[in-house]
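Close look at the chain arrangement
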Amino acid sequence: MGCSKWRAALNFGLLKVQSRLSFFLTMILLFTYLFYSLNGYSDSLPRPVFDHRSQNGLVLQDAHSVDLFGAYSASPVQEQLPKSASPSSNISIANSFGGKKFPQAIIIGVKKGGTRALLEFLRIHPDVRAVGAEPHFFDRFYDKGLEWYRNLMPRTLEGQITMEKTPSYFITKEAPRRVLSMSRHTKLIVVVRDPVTRAVSDYTQTLSKSPGLPSFQNLAFRNVSTGLIDTSWSAVRIGLYAKHLENWLRYFPLSHFLFVSGERLVTDPAGEMGRVQDFLGLKRVVSDKHFYFNQTKGFPCLKKPEGSSRPRCLGKSKGRPHPQIPSEVLLRLRDFYRPFNLKFYQMTGHNFGWN
C-alpha cells in the first residue's frame, strides 16, 4: 500500500515538472518571435510593389508595367539594395537616390544642329536628369533590350525628368516604331539648323578625323558639271528634314515634337530654352543669367557655376572654323534644299528663315 502511494506521488511530480517545462518552452518561443518582429525581421521578407498613384486603392505593379496599348510605361525600376544596407533603411535609400525610369523626353536630332549645347543647357535645371553619352539604343543597340536601356538612365526623384540625346534617331527608319514600343507619351525634341551650314559643319568634323578626305564639292555632287546632288552622302541626306519627319509622324502626333532652332540657340539661348522648358512642363529656371557669349568660339557658354574656377564651354570640337567652300557650290546646294525646307516649314508651322 505504501509503495503505491509513493509511485503515485512520483508520477504526479513528474507531470508537474513536464507541465512547467512546456510552459517555459512556450514562453521562450513567444519572446523569440516578439524580439525578431520588433527588430524588423519581417521587413526583410519579399513584398509586392504597390503604385501609390492609384485612385482606387493600391494597385500591384512590377518593373515591366505595360499600358493598354502595349507600350512600356516609365515606372521606376525596383533596385536591389546593397548588401551592407539594413532592412530598416529601405525607405530612406529609395527616397534619397530615386529610381531609374525610361526617358520621358529624348533629343532625337539632328547631328551638328546644336544637340550637345541644348543638353548641357538643360542639365542646369534641377528637375532634369540626363545621360551624358549618347546611348544609341534605338538605332544600334536595340537588341540589348529595354531593361538594358533603362539601366543606362540616371536615378530620378519624384517630379524630375529623365532625358537622353542621340541625334541619329531622327534619320533612323526603325527608331520611331521602337520609341513608340517603349512609350507612346515620349516627348521628342529636334534641333534643326540651316541644312547647308549643317552639311558643311558635318564635313568639317569628318575632315578633322580624316585629313585625306575628298573636297566638300566632290562628295556633295555626283557630277559637279551637271550639279546633280548626291543624296546618298550622309552630310546631305540628314538635311532632308521633311522626309525624316514624315517617317516620325506615322507613329507620333505633331504635338509630341518641339523643333528648336539651332541658330536661335546661338543668338538667343535663353529664349529658346524658355520654349524647351515650357514644352517639358518645367518651371523656367534656365534664363539669361546663365549665359555669356564667347567671342572666340562664336557661341554662348554657361557662366561660371558656384564653386567652379572657370565658365563651362563646350569642348574644342565645337566651334571649329569651316573650310572655304566655293560660293557656287553653296548656292546649288541651297537651291536643292529649298523645296524640302518649304515643306518642313509647312509641316511644322514654323518658318526657320533658311532661304
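Residues numbered from 1 in each chain as written. Predicted model: local features only at pLDDT ≥ 70, side-chain atom pairs only at ≥ 80, totals over all residues. Heavy atoms only, no water.

**As for the packing of aromatic side chains**
We apply this condition: Each pair of aromatic rings taken from Phe, Tyr and Trp, with Trp reduced to its six-membered ring, is defined by centres within 6.5 Å and is described as stacked if the planes are under 30 degrees apart, edge-to-face if over 60, and tilted in the remaining cases. Strands here are runs of E lasting at least two residues and helices are runs of H or I lasting at least four, both read from the DSSP assignment and numbered beginning at the N terminus. Relative accessibility decides the category of a residue: with a 1.4 Å probe and only protein chains considered, values under 20% of the type maximum give buried, values over 50% give exposed, and everything between is partly exposed. By definition here, charges over rings are those cases where NZ of Lys or CZ of Arg is within 6 Å of the ring centre and within 35 degrees of the ring normal.
In the structure shown here, the tally under the stated rule is 26 aromatic pairs. Ring geometry for F216 and W233: centres 5.5 Å apart, planes at 70 degrees, overall edge-to-face. Note that F216 is positioned in helix 7 (residues 216-220) and W233 in the loop between strand 10 (228-229) and helix 8 (234-237), a separation of 17 residues in sequence. Assigned by exposure class, F216 and W233 land together as buried. An aromatic cluster is defined as three or more aromatic residues linked by ring pairs; in this entry it consists of Y241, W248, F252, F257, F259, F344, Y345, F352 and W354. Sitting over the ring of F102, R150 keeps its end group 4.3 Å from the ring centre.

**Section: the confidence of the model for the chain**
Definition in use: Known as pLDDT, the predictor's per-residue confidence is scaled from 0 to 100. A contact between two residues is defined here by any heavy atoms of the two lying within 4.5 Å.
Looking at the chain as a whole, the pLDDT averages 79, with 68% of positions reaching at least 70. Counting contacts from residues 36-95, a segment whose pLDDT is below 50, to residues more than four positions away or on other chains yields 66 contacts.

**Remarks on the nonpolar core**
Just so we agree on the cut-off: Put simply, buried Ala, Val, Leu, Ile, Met, Phe, Trp, Tyr and Cys residues joined by side-chain atoms within 4.5 Å make one nonpolar core.
Counting 31 residues, the largest nonpolar core has I108, F138, W248, F257 and F344 as its most contacted members. Going through the elements one at a time, strand 4 (105-109), helix 4 (146-152), helix 5 (175-182), strand 8 (187-192), helix 9 (241-249), strand 11 (257-261) and helix 12 (327-348) are the ones with two or more residues in this core. The contacts of I108, once residues within four sequence positions are left out, are T166, P167, S168, Y169, F170, L188, I189, V190, W248 and F257.

**Here we look at the packing of helix 6 (residues 195-209) against helix 12**
Operational definition: Note on definitions: angles span 0 to 180 degrees between N-to-C directions of axes, and those axes are lines fitted to C-alpha atoms, for helices only across the stretch in contact. Each angle gets one of four labels, with under 35 degrees taken as roughly parallel, over 145 as roughly antiparallel, 65 to 115 as roughly perpendicular, and the rest as oblique. Put simply, Ala, Val, Leu, Ile, Met, Phe, Trp, Tyr, Cys and Pro go in the nonpolar bin, Asp, Glu, Lys and Arg in the charged bin, and everything else, Gly too, in the polar bin.
Look at helix 6 against helix 12: their axes get within 9 Å of each other, and the N-to-C directions meet at 125 degrees. With respect to each other, helix 6 and helix 12 are oriented oblique. Across the interface between the two elements, P195, V196 and V200 from helix 6 touch L330, L333, R334, Y337 and N341 from helix 12. Looking at the contact of helix 6 with helix 12 residue by residue, the class counts come to six nonpolar, one polar and one charged.

**A closer look at the side chain of S183**
In plain terms, the rule: Whenever a nitrogen or oxygen atom comes within 3.5 Å of another N or O atom, the pair is scored as a polar contact, on the condition that within protein one atom can donate a hydrogen and the other can accept it, and that pairs from neighbouring residues in sequence are kept only if both atoms are in side chains.
With respect to the helices, strands and loops of the structure, S183 is situated in the loop between helix 5 and strand 8. At a separation of 3.1 Å, a polar atom in the side chain of S183 contacts the main-chain amide nitrogen of H185.

**Regarding the sheet that holds strand 7 (residues 161-165)**
Cut-off, in case you're wondering: At least two bridges found by DSSP between two strands is the condition for calling them paired.
The strand order across the open sheet formed by five strands is 5-7-4-8-11, and the pairing between neighbours is parallel. Of all the strands in the sheet, the pair left with one neighbour each is strand 5 (128-130) and strand 11. Geometrically, the sheet is characterised by an average inter-axis angle of 25 degrees between neighbouring strands, direction not taken into account. As defined by bridge partners, strand 5 adjoins strand 7 across three bridges and the pair is classed as parallel. Paired with R129 across the strands is T162, a residue of strand 7.

**Quick notes on the environment of L146**
Turning to its location among the elements, L146 is positioned in helix 4. L146 gets classed as buried once you look at its relative accessible area, which sits at 14%.

**Side note on helix 6**
Inclusion rule: By this rule the span expected of a helix is its residue count minus one, scaled by 1.5 Å.
With 15 residues, helix 6 ought to run about 21 Å at 1.5 Å a step, and its terminal C-alpha atoms sit 21 Å apart, in line with that. Among all positions of helix 6, only P195, V196, R198, A199, V200, S201, D202, Y203, T204 and Q205 are buried. Against the buried residues of helix 6 lie helix 7, helix 8, helix 9 and helix 12. Sitting at the amino-terminal end of helix 6 is D194, which places a side-chain oxygen 2.9 Å from the backbone nitrogen of V196.

**Points about the UniProt feature "active site" (unreviewed entry) in the chain**
Formally: UniProt positions are given in the numbering used here, feature names are shortened, and annotations may be inferred rather than shown by experiment.
UniProt tags K112 as "active site" (unreviewed entry). For K112, the position within the fold is in the loop between strand 4 and helix 3 (115-122). Using a relative accessible area of 15% as the deciding quantity, one classes K112 as buried.

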